[in-house]
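Chain by chain, the residues run as shown.
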Amino acid sequence: MFGARCLVRALRSCSSTPCPRHKPSSRLSVRDALGAQNTIGERVKVQGWIRSVRSQKEVLFLHINDGSSLESLQVVADSSFDSRELAFGSSVEVQGQLVKSPSKKQNVELKAEKIEVVGNCDAKAFPLKYKERHPLEYLRQYPHLRCRTNALASILRVRSEATAAIHSFFKVRCFVNVKAEQNISYLFVAHVFHLQPSSKIKVPEENFFSVPAFLTVSGQLHLEVMSGAFTQVFTFGPTFRAENSQSRRHLAEFYMVEAEISFVESLQDLMQVMERLFKTATMMVLSNCPEDVELCHKFIAPGQKDRLEHMLKNNFLIISYTEAIEILKQASQNFTFTPEWGVDLHTEHEKYLVKHCGNIPVFVINYPLALKPFYMRDNEDGPQHTVAAVDLLVPGVGELFGGSLREERYHFLEQRLARTISSSEMNPFFWALDYLAMAFIICTTCLIRINRSLPMVSGPPSIWICSPWRFWDGI
């Protein structure tokens, strides 16, 4: 009996003791591998694309990049690994040991034990060549491949960081992120894309949604409704404009941040939020991806770093629309569009105003009522008749932010709607008046064109370059 008990204990002991196994390689991104401290000496697995190959008599050097950082990871392997498949552009999986690098150019390197080619790339047919700096216009021919270049990869990482910075700014300030309807818009504007079903689908009525529907140009009216329940809300999504423009500032589809704040009674409060958002998001981008920003400033926009630092350390200026027109009229510069009171500002006017103000971002406030939509608050300021609207103009871009106080007075909004649209078009706007009667309070809106903010930070001369996929006439 005693012997049986001992046998059972021995079996339990054997079953609980794990058999010695080779520790599997942990997967690391190139960025994590380059910043590794606790994993030095450990076996790791890295996957990515070959950026360079250098073969010596006894040693093979590869540089691998997976898009997580501008810098590539150096892989050191025995010359027996050399193969024609290990070519520039090929995708590989490398397993080995992370070791300290004897070179001053990098802190760590990967000593390869296994190299597997996942996907071959014909280096001769590949339009992007090793150690060749391709012009940005040349890269536009290859939208499916250009993200593999350092310049475009850096711009897209900056874009990703800017998106995260904007979300972080709103989150820490207790803004609620809501989804504004992005497929139907009743906003009264001229340049819209009309939604219609495919001709293969038989619809009994003329309109699929029973009313005309459009790709949205803005979600701000939906946000205004939400601001009746949440004091601070924002949305971040695609918007569409059917403007037949080939300028470097326009896209048919672009991303826009829109925020709505309740219980705000002055443009000053709104401008403080705009300035804080601009500076906070920009500083987060500069802090979190300095190598990418430095590359852009060095090769794409020399001098942009100094301009950014100048903007960040100075308080933004404020001028009225009327003052802006007077400045433009007194300018020695000849404008294509003559500045006149009651006429909208053009890009050439905006850039001149910023330059006139010392290349410091400037708020232009109180625009003529006739230039702005019906929902902006009437200033009741006599014969000129302006509304409480504001645009933020920045160097090199022009208008970047836009905003206004909302018209909260029922009879004012009713009169503006009656003057703006016909009675037959009034039905979609019934809620714009209805919710004013339901304890609505004055609120303010803020719009940020994210595609325009990227050239300001990273420096590309066109917002087309900042968009991974761009739609234009003929595509």
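These numbers come from a predicted model, not from an experiment.

Reading guide: rules and limits
- Residues numbered from 1 in each chain as written.
- Predicted model: local features only at pLDDT ≥ 70, side-chain atom pairs only at ≥ 80, totals over all residues.
- Heavy atoms only, no water.
- Helix = DSSP H or I, 4+ residues; strand = E, 2+ residues; numbered from the N terminus.
- Buried < 20%, exposed > 50% of the residue type's maximum accessible area, 1.4 Å probe, protein only.
- Contact = heavy atoms within 4.5 Å.
- Salt bridge = Lys/Arg side-chain N within 4 Å of Asp/Glu carboxyl O.
- Pairing = 2+ DSSP bridges.
- Patch = residues over 30% accessible without salt bridge, like charges linked within 9 Å, V, L, I, M, F, W, Y side chains within 5 Å.
- Areas by Shrake-Rupley, 256 points an atom, 1.4 Å probe, with all protein chains shown as cover.
- Phe/Tyr/Trp six-rings, centres within 6.5 Å; stacked < 30°, edge-to-face > 60°.
- Axes fitted to C-alpha atoms, helices over the stretch in contact; angles between N-to-C directions.
- Parallel < 35°, antiparallel > 145°, perpendicular 65-115°, else oblique.
- Left-handed = near helix turned anticlockwise from the far one by under 90°.
- Nonpolar A, V, L, I, M, F, W, Y, C, P; charged D, E, K, R; others polar.
- Arc of directions from axis to C-beta.
- Core = buried A, V, L, I, M, F, W, Y, C linked by side-chain atoms within 4.5 Å.
- pLDDT = per-residue confidence, 0-100.

**A short note on the overall build of the protein chain**
Then comes step 1: Secondary structure summary: the protein chain contains 13 helices and 14 strands in total.
Then comes step 2: Split into buried and exposed, the 475 residues of the protein chain put 46% on the buried side.
Then comes step 3: In the protein chain, once contacts between residues fewer than 6 apart in sequence are set aside, the share between residues at least 24 apart is 67%.

**A word on the pattern of salt bridges**
Then comes step 1: Across all of its chains, the model carries 10 salt bridges by this definition.
Then comes step 2: Between Arg43 and Glu113 there is a salt bridge whose closest N-O contact spans 3.0 Å. Of this pair, Arg43 sits in strand E2 (residues 43–55) while Glu113 sits in strand E6 (residues 108–119), and the two are 70 residues apart along the sequence.
Then comes step 3: Owing to a relative accessible area of 24%, Arg43 belongs among the partly exposed residues under this scheme.
Then comes step 4: One salt bridge connects Arg140 with Glu137, and the closest N-O pair in it is separated by 2.9 Å.
Then comes step 5: Via salt bridges that share partners, Glu224, Glu260 and Arg406 belong to a single interconnected network.

**Overview of the pairing of E6**
Then comes step 1: The pairing of strand E4 (residues 73–78) with E6 spans 2 bridges and is classified as parallel. What sits directly across from Val76, in E6, is Lys111.
Then comes step 2: When strand E5 (residues 91–100) meets E6, the two strands line up antiparallel, connected through 10 bridges. Opposite Gln97, over in E6, you have Lys111 as the bridge partner.

**Here we look at a nonpolar patch on the surface**
Then comes step 1: A contiguous nonpolar surface patch, about 210 Å² in accessible area, is contributed by Val176, Met226 and Phe230.
Then comes step 2: When you line up the elements, Val176 lands in strand E7 (residues 176–177).

**Examining the packing of aromatic side chains**
In this description, an aromatic ring pair is defined by two values, namely the gap between the centres and the angle between the planes.
Then comes step 1: This model, assessed by the stated rule, comprises 12 aromatic pairs.
Then comes step 2: Considering the side-chain rings of Phe170 and Phe234, the 4.5 Å spacing of their centres and the 20° angle between planes classify their relative orientation as stacked. Linking Phe170 in helix H4 (residues 150–172) with Phe234 in strand E8 (residues 232–240), this pair joins segments that are 64 residues apart in sequence.
Then comes step 3: The buried category is assigned to Phe170, whose relative accessible area is 1%.
Then comes step 4: Its relative accessible area of 2% is what places Phe234 among the buried residues.
Then comes step 5: Summarising the aromatic geometry, the rings of Phe316 and Phe363 are spaced 6.0 Å apart at their centres and angled 50° between planes, so their arrangement reads as tilted.

**Overview of the packing of H4 against helix H6 (residues 267–288)**
A pair of packed helices is captured by two measures, namely the crossing angle of their axes and the spacing between those axes.
Then comes step 1: Closest axis-to-axis distance for the H4/H6 pair is 9 Å, and the angle between their directions is 135°. Accordingly, the angle class assigned to the pair H4 and H6 is oblique. Regarding H4 and H6, the two cross each other, and that crossing is right-handed. Contacts between H4 and H6 pair Val158, Glu161, Ala162, Ala165, Ile166, Ser168, Phe169 and Phe170 from the former with Val273, Arg276, Leu277, Thr280, Ala281, Met284, Val285 and Asn288 from the latter.
Then comes step 2: Of the residues belonging to the contact of H4 with H6, the class tally is 11 nonpolar, 3 polar and 2 charged.

**Thoughts on the side chain of Ser320**
Then comes step 1: Counting through the fold element by element, Ser320 comes out in strand E10 (residues 317–320).
Then comes step 2: On the basis of relative accessibility, which here comes to 17%, the residue Ser320 falls in the buried class.
Then comes step 3: Residues contacting Ser320, with those up to four places away along its chain left out, are Val364 and Ile365.

**A short note on the packing of helix H9 (residues 321–329) against helix H10 (residues 347–356)**
Then comes step 1: Two numbers describe how H9 lies on H10: the axes approach to 10 Å, and their chain directions differ by 90°. As far as their axial angle goes, H10 and H9 are roughly perpendicular. Packed against H9, whose contacting residues are Ala324, Ile327 and Leu328, the element H10 presents His349, Tyr352, Leu353 and His356 at the interface.

**A few points about helix H11 (residues 410–420)**
Then comes step 1: Those residues of H11 that sit buried are Phe412, Leu413, Arg416 and Leu417. The arc that holds every buried residue of H11, seen down its axis, measures 130°, which confines them to one face. Away from the buried face of H11 by more than 90 degrees, exposed residues Ala418 and Arg419 are located.

**As for unusual backbone geometry**
Then comes step 1: The backbone phi angle of Phe263 is positive, close to 60°, even though this residue is not glycine.
Then comes step 2: Here Phe263 shows up in the loop between strand E9 (253–262) and H6.
Then comes step 3: Despite not being glycine, His385 has its phi angle at roughly 55°, a positive value.
Then comes step 4: Note on His385: relative accessible area 31%, which makes it partly exposed.

**What about the environment of Gly219?**
Then comes step 1: Along the chain, Gly219 falls in the loop between E7 and helix H5 (220–226).
Then comes step 2: Among residues more than four places away in sequence, those in contact with Gly219 are Ala180 and Glu258.

**Side note on the nonpolar core**
Then comes step 1: Residues Phe170, Leu267, Phe278, Phe363, Val390 and Phe401 are the most contacted members of the largest nonpolar core, which totals 33 residues.
Then comes step 2: Contributions of two or more residues to this core are made by H4, E8, E9, H6, helix H8 (304–313), strand E11 (362–368), strand E12 (386–394) and strand E13 (398–405).
Then comes step 3: For this core, the leading source of residues is H6, giving 7 residues.
Then comes step 4: For Leu267, the contacting residues outside a window of four places in its chain are Ile365, Asn366, Ala388, Ala389, Val390, Ser404 and Leu405.
Then comes step 5: Ranked by size, the runner-up nonpolar core spans 26 residues in total, among them Ile325, Leu345, Cys357 and Leu369.

**Some thoughts on the side chain of Thr239**
Then comes step 1: Position of Thr239 among the secondary structure elements: in strand E8.
Then comes step 2: The contacts of Thr239, once residues within four sequence positions are left out, are Thr216, Val217, Ser218, Ala252, Glu253, Phe254 and Met256.

**Regarding the environment of Leu73**
Then comes step 1: Along the chain, Leu73 falls in strand E4.
Then comes step 2: Note: C-alpha distance between Leu73 and Glu109 (36 residues apart in sequence) is 6.5 Å.
Then comes step 3: Among all residues touching Leu73, those that are not within four sequence positions of it are Val30, Ala33, Leu34, Val46, Leu62, His63, Ile64, Val108, Glu109 and Leu110.

**Quick look at the confidence of the model for the protein chain**
Then comes step 1: Predicted confidence across the protein chain gives a mean pLDDT of 82, with 79% of residues reaching 70 or more.
Then comes step 2: Here residues 6–20 scores under 50 on pLDDT; set against residues more than four positions off or in separate chains, the count is 0 contacts.

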